[in-house]
Amino acid sequence: MSQYHCPDNQTVQKLRDIANKLRIHSIRATDAGKSGHPTSCCSAAEIMSVLFFHTMKYTVSEPKHPNNDRFVLSKGHAAPVLYAAWAEAGLFPESELLKLRKIDSDLEGHPTPRLNFVDVATGSLGQGLSCAAGMAYTGKFFDKVDYRVFCLIGDGESAEGSIWEAMAFASHYQLDNLVAIFDVNRLGQSEPTALQHDIDVYKARAEAFGWNTYVLDGHNVEELAKALWTATQVKGKPTCIVAKTFKGQGIPGIADEDNWHGKPLGAKSEASIKAIQENIANAGPHGIVPTQPTLNLKPINTAVQLAAAPAYKLGENVSTRLAYGTGLVKIGKFNNRVVAMDGDTKNSTFAQKFKDAFPDRFIECFIAEQNLVGVAIGCGTRDRTIPFVSTFACFLTRAFDQIRMGAISQTNVNFAGSHCGVSIGEDGPSQMALEDLAMFRSVPGSTVFYPSDAVSTERAVELAANTKGICFIRTSRPNVPVIYSNEEPFAVGKAKIVRQSDTDVVTVVASCVTLFEAIKAADTLAASGVNIRIIDPFTLKPIDSTTIIASAQKTGGKIITVEDHYAEGGIGSAVSCAVSEHPNITVKRLFVPEIPRSGPSSELLNKYGISASCIVKAVQSILSA
C-alpha cells in the first residue's frame, strides 16, 4: 500500500487561505445578488479547498472532459462556494462572481448545466448522491477508468430517503471510486437539524450501510487531506466522510447561530470580511495547479438504430411491453453504450431481455425508484452512456421530482413505463398508471411516445435513443394485434391514420388498448352505415396537430378521444390543446373518470367508459347533438 505524505506547512497554509478566500467570495457574491446562502458556503469552505486544490484531478480548460474527476454539490444552495472554487481555479474571472443570480448570468441561485462545470442540477435536496452513484458506476463498470466522484451532502438533506437509497446502492455495487462528504453544520433552514452534531449517529448509519467511514473536523485541512487520500486506498467500499462543521464558520457573531440561513450578510459584510482576511497569510495568487488526469477517453458513439428491423406478422398478438424489451436489445446490439436499468420489475417490463443479452450493461436498482432515476441521470452525464429506465409507469410518479430535476439537468434519459391503465386488470388501482402521461407531458422538453403495437414500440425505442431531452415510452400489459408492417416508417410528432373513408363522420383518437377498442367500435358502426376515422397519435408530445385538425375538418369538426388514463393531461388534453384555436371543432373525451377497482380487463374497460361499446354510444351521442 502507498504511504500517505502529509502536505507541507506551506501547502496547508495555502489551502487554509483558499478556504477563507472562498468564504469572502461567497459573502461578496451573495451581497451583490442580494440573496443566497453565505453561511452554508462557509461551513464547506475547507472541504471545497482541499477537494479542488489538493485532491481532485481535472483540467481547468475542459471542465467536463470525460477523464476528469466529478464533483456533485448536492447541497445546491451553497452554489456560491462552488462558483468561487472554479474562479480560484482560474476558469473565469473573480469579477464574474458578483453577477450571482442576475438574469443575464449563468451563475444561478442553484447550479445547473448551463455552466460548463456542472453535470447535474441540484437544489431539490437529497438527489445529488444518486446522480454521483450513477457517475461512479459508469466510471467503474462502463468507462473502466480511474476518475473519482465526490458528492458534498448537507446534513439537513440527509433526512431524505433518497440519500439512503443511494447509500445502499453504492455499497451493493462496491463503488470504491465514490466519496460522499456529509457537511454536518448542525443548523437547518428553520431550526437545528434532527441530529445536530451527534456525529456518532451519522457514523453508525454510514457504516451500517456498508461504507468505509471517517469522522473528522471539517475545518481542518490536514484531516480532510488525509481522509481523502486514504479513501483512494480502500477497495470494495465507497467512502463516507462525516465532517463536523459550523454554519457561518469564520464570521464572528454569526458562526453556529440560528436564523442566518439563506440571508446575505448586508451591513455585517465588511466587518465579517475583515475578520476572515485576518486569517489569510497570503492574499496573493495561491499558485496551485490542479493535478491533471490522463486524458485518454474519447466521446462515445451516439448513433443508434435497431440492429434488425421489426419481424412480426400482421395480426399477431404481442404486448407492447414485450416489444420494448425486444427493441432495447436491438439498439443494444447496434451501440455498446446503450445501458438499461430497472427497479426489480424487469421480468414484467421485459428489460430482462436486455439483461440476458448484455448483463454487463444492465443495472438492477431494486425497489428504490428515486435512486433509479438519479442513477440513470448520473450515468448519462458527459454523454458517456445512452440510458433506458424501466418500471411500472405508476411507480415513476414517486420519482417525479428527480425527473423534473433531470429536465433542468439537460439529461437525455429514456423512460419506459409499463402496466398502464385499467387494462392491467385484477391488480387494482395501486398498480394502474393513470397519471403518467400528464406527468411526463408536463416536463419541459420531454417527448412522450404511446405506441400501439409491437412494430411502433420498437421504433419508439429507436427514436427515443436519438431524441434529446427526457423521453417516455408508455407500454401496456395486454397482448394487442400487430397492425403496422415491419417496414412502416415512424417519426416523432407524426400520427398514423389507421382507418378512414370518404364518408367518415367522426374522428376518433386513441392509443394501444383503446385504439383496438375503437377499431371494434368502427366495425360495429360500419354495419349500420356509420363510418369513423381512427387516428393513432404515436407521440402525444409533440402531437401531430396537422393530421388531427385536417381529419376533424373532414369529419364535420367532430373528435372523440379515448384513453386508459385519467381526464387530466392525457390524450384528450393533448388533442384539446391542439385544436383549441379552431372554434368549429368539438372534442368529446372518454377517459377513466374515477379511482378504479380490481377486475377483468374487459369488464374494467366497459365499467369506466372506454370500451368499444362505449365508443359506439359516444359516436351516436355526438352525431345526435
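In case you missed it, the structure is sitting above this.
Residues numbered from 1 in each chain as written. Predicted model: local features only at pLDDT ≥ 70, side-chain atom pairs only at ≥ 80, totals over all residues. Heavy atoms only, no water.

Asks: Even after reading the chapter, I still don't get helix α21 (residues 612–624), so can you show me in this structure?
Replies: An α-helical turn contains 3.6 residues, so a residue and the one three or four places further along point in the same direction. For α21, which comprises 13 residues, the first-to-last C-alpha distance of 19 Å matches the rise-based estimate of 18 Å (1.5 Å per residue) to within 8%. Along α21, the residues that are buried comprise Ala612, Cys614, Ile615, Val616, Ala618, Val619 and Ile622. The inward-facing, buried residues of α21 contact β15 (504–510), α17 (513–527), β16 (531–536), β18 (558–562), β19 (586–590) and α20 (601–607). (Helix = DSSP H or I, 4+ residues; strand = E, 2+ residues; numbered from the N terminus. Expected span 1.5 Å × (residues − 1). Buried < 20%, exposed > 50% of the residue type's maximum accessible area, 1.4 Å probe, protein only. Contact = heavy atoms within 4.5 Å.)

Asks: Got a minute to help me understand the side chain of asparagine 335 in this structure?
Replies: Tracing the sequence through the fold places asparagine 335 in the loop between α10 (320–334) and β7 (338–342). By relative accessible area, which is 2% here, asparagine 335 ends up buried. A distance of 2.6 Å separates a polar side-chain atom of asparagine 335 from the backbone oxygen of asparagine 301. Not counting residues up to four positions away in its chain, the partners in contact with asparagine 335 are Asn301, Thr302, Ala303, Val304, Arg361 and Ile386. (Polar contact = N/O pair within 3.5 Å; in protein donor to acceptor, adjacent residues only side chain to side chain.)

Asks: Just checking my understanding: could you explain the environment of aspartate 356 for this structure?
Replies: Structurally, aspartate 356 can be placed in helix α12 (residues 352–357). Once the C-alpha coordinates of aspartate 356 and serine 580 are considered, the two residues, 224 residues apart in sequence, prove to be 47 Å apart. Polar contacts involving the side chain of aspartate 356 include one to the side chain of glutamine 352, which spans 2.8 Å.

Asks: It is not clear to me how the sheet that holds strand β2 (residues 149–154) should be interpreted in this structure. Could you clarify?
Replies: Backbone-to-backbone hydrogen bonds join strands into a sheet, with any given pair of strands oriented parallel or antiparallel. One open sheet accounts for five strands, arranged β1-β2-β3-β5-β4; its pairing is parallel. Both edges of this open sheet fall to β1 (70–73) and β4 (212–217), since each of them pairs with a single strand only. Each adjacent strand pair in this sheet contributes to an overall mean axis angle of 20°, direction not counted. Pairing of strand β3 (residues 178–184) with strand β5 (residues 239–244), which is carried by six bridges, proceeds in the parallel orientation. Paired with phenylalanine 182 across the two strands is valine 242, which belongs to β5. On the sheet, helix α5 (residues 128–143) packs against β1, β2 and β3 and is oriented at approximately 170° with respect to β2. (Pairing = 2+ DSSP bridges. Axes fitted to C-alpha atoms, helices over the stretch in contact; angles between N-to-C directions.)

Asks: What am I meant to see in the packing of α5 against helix α6 (residues 161–172) here?
Replies: The angle between the axes and the distance between the axes are what describe a pair of packed helices. Their axes nearest at 8 Å, the elements α5 and α6 cross at an angle of 20°. One finds that α5 runs roughly parallel with respect to α6. In the crossing of α5 with α6, the sense of the turn from one axis to the other is left-handed. Counted together, Leu129, Ser130, Ala133 and Tyr137 of α5 and Ser162, Ile163, Ala166, Met167 and Phe169 of α6 form the full contact between these two elements. Looking at side-chain class alone, the contact of α5 with α6 contains seven nonpolar, two polar and no charged residues. (Parallel < 35°, antiparallel > 145°, perpendicular 65-115°, else oblique. Left-handed = near helix turned anticlockwise from the far one by under 90°. Nonpolar A, V, L, I, M, F, W, Y, C, P; charged D, E, K, R; others polar.)

Asks: I would appreciate a short explanation of the nonpolar core in the present structure.
Replies: In summary, soluble globular proteins display a tendency toward joint burial of nonpolar side chains. Within the largest apolar cluster, 110 residues are counted, with the highest numbers of intra-cluster contacts made by Leu129, Leu178, Phe182, Met341, Ile363 and Phe415. The biggest single contributor to this core is α5, with eight residues. Formed by 51 residues, the second largest nonpolar core is a distinct cluster that contains Phe71, Phe150, Val234 and Ala243. (Core = buried A, V, L, I, M, F, W, Y, C linked by side-chain atoms within 4.5 Å.)

Asks: Sorry, what's going on with the packing of aromatic side chains here?
Replies: Given two aromatic rings, their pairing is described by the distance between the two centres and the angle made by the two planes. According to the stated counting rule, one finds 23 aromatic pairs in the structure shown. Judged by centre distance (4.5 Å) and plane angle (45°), the rings of tyrosine 137 and phenylalanine 141 are tilted. With tyrosine 137 and phenylalanine 141 both in helix α5 and four residues apart, the pair spans about one turn of that helix. Residue tyrosine 137 is classed as buried on the basis of its relative accessible area, which comes to 6%. (Phe/Tyr/Trp six-rings, centres within 6.5 Å; stacked < 30°, edge-to-face > 60°.)

Asks: What is the right way to read the packing of α10 against helix α16 (residues 454–465) from this model?
Replies: Running from N to C, α10 and α16 cross one another at 45°; their axes reach a closest spacing of 8 Å. Here α10 lies oblique to α16, going by the angle between them. As for how α10 packs across α16, the hand of that crossing is right-handed. Mapping the contact onto sequence places Thr320, Ala323, Tyr324, Thr326, Gly327, Leu328, Lys330 and Ile331 in α10 and Ala454, Thr457, Glu458, Val461, Glu462 and Ala465 in α16. Considered class by class, the residues forming the contact of α10 with α16 number seven nonpolar, four polar and three charged.

Asks: Would you explain the sheet that holds strand β9 (residues 386–392) in this entry?
Replies: The strand order β8-β7-β9-β10-β12-β11-β17 describes an open sheet built from seven strands, whose pairing is mixed. Looking at the sheet topology across the chains shown, the edges are occupied by β8 (362–364) and β17 (539–541). Looking at each pair of strands side by side, their axes are set apart by 20° on average, direction ignored. Of the strand pairs in this sheet, strand β11 (residues 447–449) and strand β12 (residues 471–474) are connected by three bridges, and their pairing is parallel. Bridged to threonine 447 within β12 is cysteine 471.

Asks: Quick question: what am I supposed to make of α17 here?
Replies: The end-to-end C-alpha distance of α17 is 22 Å, a good match for the 21 Å that 15 residues give at a rise of 1.5 Å each. Of all the residues in α17, the buried ones are Val513, Thr514, Leu515, Phe516, Glu517, Ala518, Ala521, Ala522 and Leu525. Once α17 ends, the next one or two residues include glycine 529, with phi positive near 90°.

Asks: I keep staring at unusual backbone geometry and nothing clicks. Help me out?
Replies: Most peptide bonds take the trans configuration, and most residues that are not glycine carry a negative phi. Residue proline 542 is bonded to the preceding lysine 541 through a cis peptide linkage, with omega at -5°. Assignment of secondary structure puts proline 542 in the loop between β17 and α18 (545–554). At lysine 34, a position not held by glycine, the phi torsion is positive, near 60°. When you line up the elements, lysine 34 lands in the loop between α1 (9–33) and α2 (38–43). Its identity is not glycine, yet histidine 419 carries a phi of approximately 60°, on the positive side. You can see histidine 419 is positioned in the loop between β10 (414–418) and α15 (436–441).

Asks: I would appreciate a short explanation of the side chain of serine 446 in the present structure.
Replies: Along the chain, serine 446 turns up in the loop between α15 and β11. Classification of serine 446 as buried rests on a relative accessible area of 5%. Polar contacts involving the side chain of serine 446 include one to the main-chain carbonyl oxygen of phenylalanine 440, which spans 2.7 Å. Beyond its immediate stretch of four places on either side in the chain, serine 446 contacts Phe440, Arg441, Ile470 and Lys541.

Asks: When you look at the pattern of salt bridges in this model, what are you seeing that I'm missing?
Replies: In a structure, side chains of opposite charge can pair up when their charged atoms sit close to one another. Evaluated as defined, the whole model comprises 22 salt bridges. Lysine 203 is the partner of glutamate 207 in a salt bridge, and the nearest nitrogen-oxygen pair spans 2.9 Å. Of this pair, glutamate 207 and lysine 203 both sit in helix α7 (residues 199–208), four residues apart, roughly one helical turn. The exposure class assigned to lysine 203 is partly exposed, which follows from its relative accessible area of 28%. A cluster of three or more residues bridged by salt bridges with shared partners is formed by Asp143, Arg337 and Arg384. (Salt bridge = Lys/Arg side-chain N within 4 Å of Asp/Glu carboxyl O.)

The quantities given are spatial measurements derived from coordinates; they are silent on function.
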